[in-house]
Amino acid sequence: MADEVVLMSFWPSIFGNRVKIALSLKGVEYKFKEENLRDKSPLLLEMNPINKKILVLVHNGKPICESLLIVEYIDEVWNQKSPLLPNDPYQKYQAKFWADYIDKKFAATGKEIWSTNGEEQEDAKKNFIEILKVLEGELGEKPYFGGDQFGFVDAALIPFYSWFYAFETFGNFSIEEDCPKIVAWASKCMEIESVAQSLPDPKKVYEFVSVIKGWLGI
């Protein structure tokens with residue numbers, strides 16, 4: 001009996017797009033259920049009653065929540081191809097550490113770039129570039145954070161690339177100018193079909209952010 005896999009997410013979601021990349025890399029067929037930020041479906045609320053967030057993977061009727069946990073779950077369940085996490089315990093810890101760093105540092109700072117103005121925005125841009133430089137240091141001369149192959153940290157970070165255009169446009173700065181290694185890494189990731197097909201058009205993300213700013217009165 002074939003697995004029944006449903007992904008409940010929202011098309012520009014960085015976190016949901018991590019999961020789409022992982023599923024695509026593994027060759028897993030799934031049904032995508034588009035959710036609405038302002039009107040979450042009863043099924044989503046049923047499957048994620050604690051956090052009530054728009055991102056749930058339902059596998060054979062069982063819900064899995066939180067993007068990095070979902071990606072790890074996918075890697076463990078569909079382990080026949082495209083491994084994302086290394087087998088070595090210390091290397092696995094390192095990958096989880098950097099993915100967690102991205103979630104704790106990067107996501108909130110990116111939002112501050114498009115949702116603030118003036119000195120607050122300048123501080124956000126400075127912090128954003130500093131975080132990217134730390135990540136450039138971790139990348140080093142490797143083609144991917146996972147080494148020679150696209151891995152867990154790459155899957156955690158690359159969905160932000162679709163938002164770079166919005167960050168740069170609203171923040172009036174160039175990411176490539178300060179962090180060329182990260183942009184080169186992102187371009188290499190986008191050569192992977194499963195990655196490129198899982199991420200939205202950056203200009204559509206920019207249009208979406210413009211709408212959100214209007215909702216928030218920014």
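Above this note sits the structure.
Since this is a predicted model, take the numbers as computed values, not measurements.

A. Seen up close, the layout of surface pockets. Of the pockets and cavities examined, the second largest pocket occupies roughly 460 Å³. Along its surface, the second largest pocket is lined by 24 residues, and Leu 84, Leu 85, Pro 86, Asn 87 and Ala 95 are the ones closest to its centre. Breaking the lining of the second largest pocket down by element, the ones donating at least two residues are helix 3 (67–77), helix 4 (89–115) and helix 6 (152–157). With 6 residues, helix 4 is the single largest residue contributor to the lining of the second largest pocket.

B. Highlighting the packing of aromatic side chains. For the coordinates displayed, the defined rule picks out 19 aromatic pairs. Note on Tyr 90 and Tyr 93: the rings are 5.6 Å apart at their centroids and 40° apart in plane angle, and the pair reads as tilted. Pair noted here: Tyr 90 and Tyr 93 are both in helix 4, with a separation of 3 residues, about one helical turn. Here Tyr 90 falls in the exposed class, since its relative accessible area comes to 53%. You can call Tyr 93 partly exposed: its relative accessible area is 44%. Among the aromatic residues, those joined into a cluster by ring pairs are Phe 10, Trp 11, Phe 106, Phe 128, Phe 160, Tyr 161, Trp 163, Phe 164, Phe 167, Phe 173 and Phe 208. Looking at Lys 20, its charged tip hangs above the ring of Phe 32, at a distance of 5.1 Å from the centre.

C. Structural view of the packing of helix 4 against helix 5 (residues 118–139). Put simply, helix 4 and helix 5 touch, their axes get as near as 8 Å, and they point 155° apart. When the axes of helix 4 and helix 5 are compared, the pair comes out roughly antiparallel. Relative to helix 5, the crossing made by helix 4 is left-handed. Note on element contacts: helix 5 touches helix 4 through Gln 121, Ala 124, Lys 125, Asn 127, Phe 128, Ile 131, Leu 132, Val 134, Leu 135 and Glu 138, opposite Trp 98, Tyr 101, Ile 102, Lys 105, Phe 106, Thr 109, Gly 110, Glu 112 and Ile 113.

D. Structural detail: unusual backbone geometry. Even without being a glycine, Glu 66 presents a positive backbone phi close to 75°. Structurally, the position occupied by Glu 66 is in the loop between strand 4 (62–65) and helix 3. Using a relative accessible area of 34% as the deciding quantity, one classes Glu 66 as partly exposed. We note that Asn 172 has phi near 55°; this positive angle belongs to a residue other than glycine.

E. Expanded view of the environment of Phe 97. The residue Phe 97 is located in helix 4 in this model. C-alpha of Phe 97 to C-alpha of Ala 184: the two residues are 87 residues apart in sequence and 23 Å apart in space.

F. Structural context of helix 1 (residues 14–26). Look at helix 1: 19 Å from first C-alpha to last across 13 residues, which is about the 18 Å you get at 1.5 Å a residue. For helix 1, a buried count of 11 out of 13 residues is recorded, marking the element as mostly surrounded by other parts of the structure. Measuring from the side-chain oxygen of the N-cap residue of helix 1 to the backbone nitrogen of Phe 15 gives 3.3 Å; that N-cap residue is Ser 13. Following helix 1 by one or two positions, Gly 27 adopts a phi angle in the positive range, close to 75°.

G. Structural detail: the sheet that holds strand 4. Reading across the sheet, the 4 strands line up as 2-1-3-4 and stay open at both edges, with mixed pairing between neighbours. Only two strands of the sheet have a single partner each, and these edge strands are strand 2 (31–34) and strand 4. Each strand of the sheet is rotated relative to its neighbour by a mean of 20°, with strand direction disregarded. Alignment of strand 1 (residues 5–9) against strand 2, held across 4 bridges, turns out to be parallel. Paired with Leu 7 across the strands is Phe 32, a residue of strand 2. The strands that helix 1 touches are strand 1, strand 2 and strand 3 (56–59); relative to strand 1, the one it contacts most, it runs at about 155°.

Scoring rules and cut-offs
- Residues numbered from 1 in each chain as written.
- Predicted model: local features only at pLDDT ≥ 70, side-chain atom pairs only at ≥ 80, totals over all residues.
- Heavy atoms only, no water.
- 1 Å grid on protein atoms, 1.4 Å probe; cavity = no way out; pocket = protein on both sides within 12 Å on 5 of 7 lines; lining within 4 Å.
- Points joined across faces, edges and corners; volume = space filled by probe spheres on them.
- Helix = DSSP H or I, 4+ residues; strand = E, 2+ residues; numbered from the N terminus.
- Phe/Tyr/Trp six-rings, centres within 6.5 Å; stacked < 30°, edge-to-face > 60°.
- Buried < 20%, exposed > 50% of the residue type's maximum accessible area, 1.4 Å probe, protein only.
- Lys NZ or Arg CZ within 6 Å of the ring centre and 35° of its normal.
- Axes fitted to C-alpha atoms, helices over the stretch in contact; angles between N-to-C directions.
- Parallel < 35°, antiparallel > 145°, perpendicular 65-115°, else oblique.
- Left-handed = near helix turned anticlockwise from the far one by under 90°.
- Contact = heavy atoms within 4.5 Å.
- Expected span 1.5 Å × (residues − 1).
- Polar contact = N/O pair within 3.5 Å; in protein donor to acceptor, adjacent residues only side chain to side chain.
- Pairing = 2+ DSSP bridges.

Take it as geometry only, folks, not as evidence of what the structure does.
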